[in-house]
Amino acid sequence: MIHQDMDPASARPEAGLKAFEALCTVKSNTSANDDYRLLVLEAPKHILNCQPGQFFHLLCPVTDQQQPYLRRPMSIYRFDADKGELAFLYKVAGEGTAAMATLKPGELFNVLGPLGVGYTIKPEWQNLLLVARGVGLATLAPLAQEAARLGRKLTAICSARSEAALLSTEHFRSLGAQVISVTDEDGSSTVENLQTLIEGLIASQGVDAFYTCGSNRLLKLLQELGAKHNIPGEIALEQQMACGLGMCQCCVRPFSQNGEVVHLRVCKEGPVFDLQEAMGW
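Quick notes on the rules
- Residues numbered from 1 in each chain as written.
- Predicted model: local features only at pLDDT ≥ 70, side-chain atom pairs only at ≥ 80, totals over all residues.
- Heavy atoms only, no water.
- Core = buried A, V, L, I, M, F, W, Y, C linked by side-chain atoms within 4.5 Å.
- Buried < 20%, exposed > 50% of the residue type's maximum accessible area, 1.4 Å probe, protein only.
- Helix = DSSP H or I, 4+ residues; strand = E, 2+ residues; numbered from the N terminus.
- Contact = heavy atoms within 4.5 Å.
- Pairing = 2+ DSSP bridges.
- Axes fitted to C-alpha atoms, helices over the stretch in contact; angles between N-to-C directions.
- 1 Å grid on protein atoms, 1.4 Å probe; cavity = no way out; pocket = protein on both sides within 12 Å on 5 of 7 lines; lining within 4 Å.
- Points joined across faces, edges and corners; volume = space filled by probe spheres on them.
- Nonpolar A, V, L, I, M, F, W, Y, C, P; charged D, E, K, R; others polar.
- Expected span 1.5 Å × (residues − 1).
- Bend = angle between axes of the 7 residues up to and from the residue.

**Digging into the nonpolar core**
The nonpolar side chains of a soluble globular protein tend to be buried with one another.
Part 1 of the argument: Residues Y119, L128, L130, L140, F172 and Y211 are the most contacted members of the largest nonpolar core, which totals 34 residues.
Part 2 of the argument: Those elements that provide at least two residues to this core are β2 (36-42), β6 (85-91), β8 (127-133), α2 (136-150), β9 (153-160) and β11 (209-213).
Part 3 of the argument: In terms of residues, this core owes the most to one element, α2, which gives seven residues.
Part 4 of the argument: When residues no more than four places from it in sequence are discounted, the contact partners of F172 are L130, L137, L140, A141, A144, A156, C158, A177 and V179.
Part 5 of the argument: Listed in part, the 31 residues of the second largest apolar core include V131, I198, I202 and L221.

**Description of the sheet that holds β8**
Note on sheets: strands pair through backbone hydrogen bonds, and any given pair is parallel or antiparallel.
Part 1 of the argument: Read across the sheet, six strands follow the order β10-β9-β8-β11-β12-β15 without closing on themselves; strand pairing throughout is mixed. Each having just a single partner strand, β10 (178-183) and β15 (272-274) make up the two edges of the open sheet. Neighbour to neighbour, the strand axes of the sheet diverge by 20 degrees on average, direction disregarded.
Part 2 of the argument: Examined bridge by bridge, β8 and β9 share seven bridges and lie parallel to one another. Paired with A132 across the strands is C158, a residue of β9.
Part 3 of the argument: Contacts between α2 and the sheet are confined to β8, β9, β11 and β12 (233-236), with β8 contributing the most and set at about 160 degrees to the helix.

**Focus: the layout of surface pockets**
Part 1 of the argument: Empty space within the largest pocket amounts to approximately 860 Å³.
Part 2 of the argument: As for the largest pocket, its lining consists of 32 residues, of which P73, M74, V135, E238 and Q239 are closest to the centre.
Part 3 of the argument: Those elements that provide at least two residues to the lining of the largest pocket are β4 (72-75), β6, α1 (95-100) and α2.
Part 4 of the argument: A class-by-class count of the residues in the lining of the largest pocket yields 16 nonpolar, 10 polar and six charged.

**Things to note about α2**
Part 1 of the argument: Over its 15 residues, α2 runs 22 Å from end to end, which matches the ideal 21 Å to within 8%, given 1.5 Å per residue.
Part 2 of the argument: The largest bend in α2 amounts to roughly 25 degrees and is located at P142.
Part 3 of the argument: Of all the residues in α2, the buried ones are G136, L137, A138, T139, L140, A141, P142, L143, A144 and A147.

**Here we look at the sheet that holds β4**
Part 1 of the argument: The strand order across the open sheet built from seven strands is β4-β3-β7-β1-β2-β6-β5, with neighbouring strands paired in antiparallel fashion. Of all strands in the sheet, those with a lone pairing partner are β4 and β5 (78-80), marking the two edges. Each strand of the sheet is rotated relative to its neighbour by a mean of 35 degrees, with strand direction disregarded.
Part 2 of the argument: Taken together, the six bridges between strand β1 (residues 20-31) and strand β7 (residues 108-115) define a ladder with antiparallel strand orientation. Paired with L23 across the bridge in β7 is N110.

Pasting the structure below:
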């Protein structure tokens with residue numbers, strides 16, 4: 001049952017009040033590695049008032065081979081109002097993203113956004129720890145950009161199957177982050193090793209807030225460490241969506257608030273939530 005009388009955004013920023021449908025021009029659409037592609041758009045300035053962790057709803061093109069019907073929600077990888085650029089990092093996994101991969105420079109691409117509630121960096125949070133895996137690192141890239149702008153210390157633990165599959169590490173370094181890479185290939189990405197790494201960072205330099213995205217394994221680990229060391233945090237959640245505007249209820253999932261289970265929309269009350277309120281699956 002969906003609770004209609006709650007205040008899901010209490011003490012958190014509200015979803016952006018202004019979202020826009022806009023036609024953007026494709027600047028480039030290239031391979032980032034063997035699995036992911038980077039789409040860079042020339043975007044009007046009025047759609048680039050974004051928060052890290054927000055997303056756009058993308059109208060994938062129709063081709064002879066692909067006829068995607070619904071828009072596809074996609075986290076912002078990079079936004080720059082001065083350059084007029086909006087970028088998305090994506091993996092070709094279905095009809096919509098396969099159609100996106102056909103976009104060529106100069107073509108027009110319809111986007112709707114920015115949507116949802118993004119990450120927050122409170123004034124007292126000076127030492128930030130980002131932990132993510134795979135495309136979750138794309139969602140957290142704008143957070144690194146904001147941390148650099150605010151002059152915060154950021155450590156990024158980046159996880160992947162192999163060194164070749166790692167994403168965003170050079171981007172994080174360019175923003176002044178300390179980057180620690182862990183992989184399945186060398187066995188360093190296990191939960192036990194991650195726990196040892198994070199405990200070491202807490203002891204040696206202190207951590208004021210955790211940030212992560214998507215992974216249930218990382219969620220559970222950071223919840224345990226957060227509760228143990230009294231460290232707050234936020235998580236961006238992935239969920240199937242239809243409208244992306246909060247009307248269809250397709251993306252509702254359960255959360256724990258004040259000892260009760262409530263049901264919130266990932267597109268509207270999220271996609272970023274309090275780390276301790278998120279429930280695993």
